[in-house]
Amino acid sequence: MIKNIRAFIAVVLISALIGALSATFVTTKIIYGERQKPVEPPEKTQTFTVKEAPIPDIAREITPAVVGVVTIYIDYDFFFRRVESQSLGSGIIVDKNGYILTNAHVVEGSNKIMVYLYDGRKFRAKKIYEDGELDLAVIKIDADNLTAARLGDSDKVVVGDRAIAIGNPLGLTLQRTVTAGIISALNRTIAVGTQKSMTLIQDLIQTDASINPGNSGGPLLNGKGEVIGINTVKATEAEAIGFAIPINIAKPIINKIIEKGGFEKPYIGIECIDREMARLFNIDVPVDGGIYIVKVHKDSPAQKAGIRQGDIVLNINGEKLTKVSQMRKVLYTLEPGQKVKIVLMRGNDKITTEVIIGKE
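The present account deals with the structure reproduced in this document. (Residues numbered from 1 in each chain as written. Predicted model: local features only at pLDDT ≥ 70, side-chain atom pairs only at ≥ 80, totals over all residues. Heavy atoms only, no water.)

**Describing helix H7 (residues 324-331)**
Heads up, the condition is: Exposure categories follow from relative accessible area, calculated using a 1.4 Å probe and restricted to protein chains: below 20% of the type maximum is buried, above 50% is exposed, and the middle band is partly exposed. Helix and strand assignments come from DSSP, with helices taken as H or I runs of at least 4 residues and strands as E runs of at least 2, each series counted from the N terminus.
Of all eight residues in H7, seven are buried, a share of seventy percent or more. Where H7 is concerned, the buried positions are Val324, Ser325, Gln326, Met327, Arg328, Val330 and Leu331.

Okay, here's the thing in structure tokens:
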């Protein structure tokens with residue numbers, strides 16, 4: 001048991017060393033996915049009525065909100081001559097004032113970011129926020145007459161829902177390509193990066209809608225034309241398997257940036273996995289629900305509040321947790337300095353403690 005936990009913590013620590021993610025080549029390793037419980041067939045056929053729009057209507061509505069994001073990198077050759085290189089990704093306008101949501105690996109390390117709009121205009125963008133752990137970034141342009149996308153509720157997504165991806169696969173020559181499929185699975189965890197630098201991304205949406213290099217940062221839509229995810233990577237070892245970050249993780253970040261012009265990431269100092277991953281490493285998680293703490297950072301707010309490695313977080317501020325993304329969603333609505341009430345399971349004991357939110 002202790003040996004398994006130590007081995008897993010070593011994996012998490014290595015994975016937490018976030019390196020430069022390439023916008024044109026990302027390797028992925030699928031760690032696990034949510035196990036689907038068998039469903040008893042109904043006694044008779046059921047008919048469901050879902051108010052969904054035709055794909056052409058969705059494409060016409062959302063396409064003006066999809067942008068091309070060109071990142072320019074400046075380096076110097078052996079003779080100290082300036083050399084420019086560039087890569088391409090996608091983004092989605094989430095506010096008419098010019099805020100654009102994309103992937104962190106699309107803009108990471110760039111010296112200059114250019115945004116190409118649907119109507120042919122191009123603007124230099126300013127990076128407002130970047131988080132490699134979530135693979136999310138927010139950039140901003142100063143432009144008028146912008147179309148903002150409608151954001152949906154990724155917590156309501158179920159396997160089998162319609163999924164539509166829009167982005168710029170393989171370059172600006174194939175701008176705003178529309179692909180469609182279904183939601184193939186939920187709660188996926190993948191390792192992204194290279195052998196030297198890997199990052200674990202949890203709670204992803206899996207889809208068979210085609211996602212290729214250049215699609216990164218573009219929207220994944222539901223049948224109503226609402227953004228339910230931000231496309232991030234495809235599986236390199238299989239076809240028709242792509243992943244998107246649930247939009248609900250990004251919503252509190254976007255809201256704070258729009259309201260205040262920036263986002264200070266709340267910090268309590270714990271690293272967690274959900275029960276399915278804990279079981280994968282033979283870690284016994286006896287309670288129903290909750291997320292398992294694999295590491296508590298030294299001198300962090302969590303450590304000062306008495307939280308320990310091996311504790312199970314049951315709820316934060318009264319919201320029951322079953323996924324790491326739910327914890328992030330709750331914490332991201334709070335501000336550094338606020339107190340948060342956390343209910344833990346430690347062995348057979350239920351413990352309630354208060355943590356003062358810090359910032360990274």
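**Quick notes on the packing of aromatic side chains**
Stated formally: Here a Phe, Tyr or Trp ring, Trp counted by its six-membered ring, pairs with any other such ring whose centre lies within 6.5 Å, and the pair is stacked when the planes are under 30 degrees apart, edge-to-face when over 60, and tilted otherwise. Whether a charge lies above a ring is judged from NZ of Lys or CZ of Arg, which has to be within 6 Å of the ring centre and within 35 degrees of the ring normal.
In the structure shown here, the tally under the stated rule is two aromatic pairs. Pairing Tyr129 with Phe263 gives two aromatic rings, centres 5.5 Å apart and planes at 85 degrees, and the pair type is edge-to-face. Residue Tyr129 is found in strand S6 (residues 122-131), and its partner Phe263 is found in the loop between helix H4 (247-260) and strand S14 (266-267); the two are separated by 134 residues along the sequence. Across this residue pair, the class does not change: Tyr129 and Phe263 are buried. Where Phe263 meets Tyr332, the ring centres are 5.5 Å apart and the plane angle is 75 degrees; that geometry is what we call edge-to-face. Of this pair, Phe263 sits in the loop between H4 and S14 while Tyr332 sits in the loop between H7 and strand S19 (339-346), placing them 69 residues apart in sequence. Each member of the pair, Phe263 as well as Tyr332, is classed as buried. Taken together, the ring pairs in this structure connect Tyr129, Phe263 and Tyr332 into an aromatic cluster. Sitting over the face of the ring of Tyr99, Lys140 holds its NZ or CZ atom 5.4 Å from the ring centroid.

**Some remarks on the nonpolar core**
To keep it simple, the criterion reads: Buried Ala, Val, Leu, Ile, Met, Phe, Trp, Tyr and Cys residues that are joined via side-chain atoms within 4.5 Å together make up what is termed a nonpolar core. In what follows, residue pairs with any heavy atoms lying within 4.5 Å of each other are defined as contacts.
One finds Ile92, Leu101 and Ile270 to be the most contacted residues of the largest nonpolar core, which totals 70 residues. Among the elements that make up this core, the one with the highest residue count is H4 (six residues). Aside from chain neighbours lying at most four places away, what touches Leu101 is Gly91, Ile92, Val94, Leu136, Ala137, Val138, Gly217, Ile230, Ile247, Ala250 and Ile254. One finds Ile273, Met277, Ala278 and Met345 within the second-largest nonpolar core, a separate group that totals 12 residues.

**Here we look at the sheet that holds strand S2 (residues 66-76)**
Selection criterion: The rule for pairing is simple: two strands pair if DSSP sees at least two bridges between them. Where helices are involved, their axes are fitted lines through C-alpha atoms of the stretch in contact, as for all axes, and angles between N-to-C directions lie from 0 to 180°.
The strand order S2-S3-S4-S7-S6-S5 describes a closed barrel built from six strands, whose pairing is antiparallel. Averaged over neighbouring strand pairs, the angle between their axes works out to 40 degrees when direction is ignored. Here S6 runs beside strand S7 (residues 136-140); their pairing, made up of five bridges, is antiparallel. Opposite Asp131, over in S7, you have Leu136 as the bridge partner.

**Thoughts on the pattern of salt bridges**
Where we set the bar: In what follows, salt bridge is the name for a side-chain nitrogen of Lys or Arg lying within 4 Å of a carboxyl oxygen of Asp or Glu.
Scanning the model with the defined rule gives 18 salt bridges in all. Residues Lys265 and Glu133 are paired through a salt bridge, measuring 3.5 Å at the closest nitrogen-oxygen approach. Remark: Glu133 occurs in the loop between S6 and S7 and Lys265 occurs in the loop between H4 and S14; sequence separation between them is 132 residues. Measuring nitrogen to oxygen at the nearest pair gives 2.6 Å for the salt bridge that ties Asp155 to Lys329. Taken together, the residues span a long stretch of sequence, with Asp155 in the loop between S7 and strand S8 (162-167) and Lys329 in helix H7 at a distance of 174 residues. Here the salt bridges share partners, and the residues they tie into one network are Asp131, Glu133, Lys265 and Arg328.

**Some remarks on the pairing of S6**
Where strand S5 (residues 112-116) lies against S6, four bridges are found, and the strand directions are antiparallel. Opposite Met114, over in S6, you have Arg124 as the bridge partner. Connecting S5 to the next strand, S6, in antiparallel fashion are five residues, including Gly120 with a positive phi near 95 degrees. Between the antiparallel neighbours S6 and S7 lie four residues, among them Asp135 with a positive phi of about 60 degrees.

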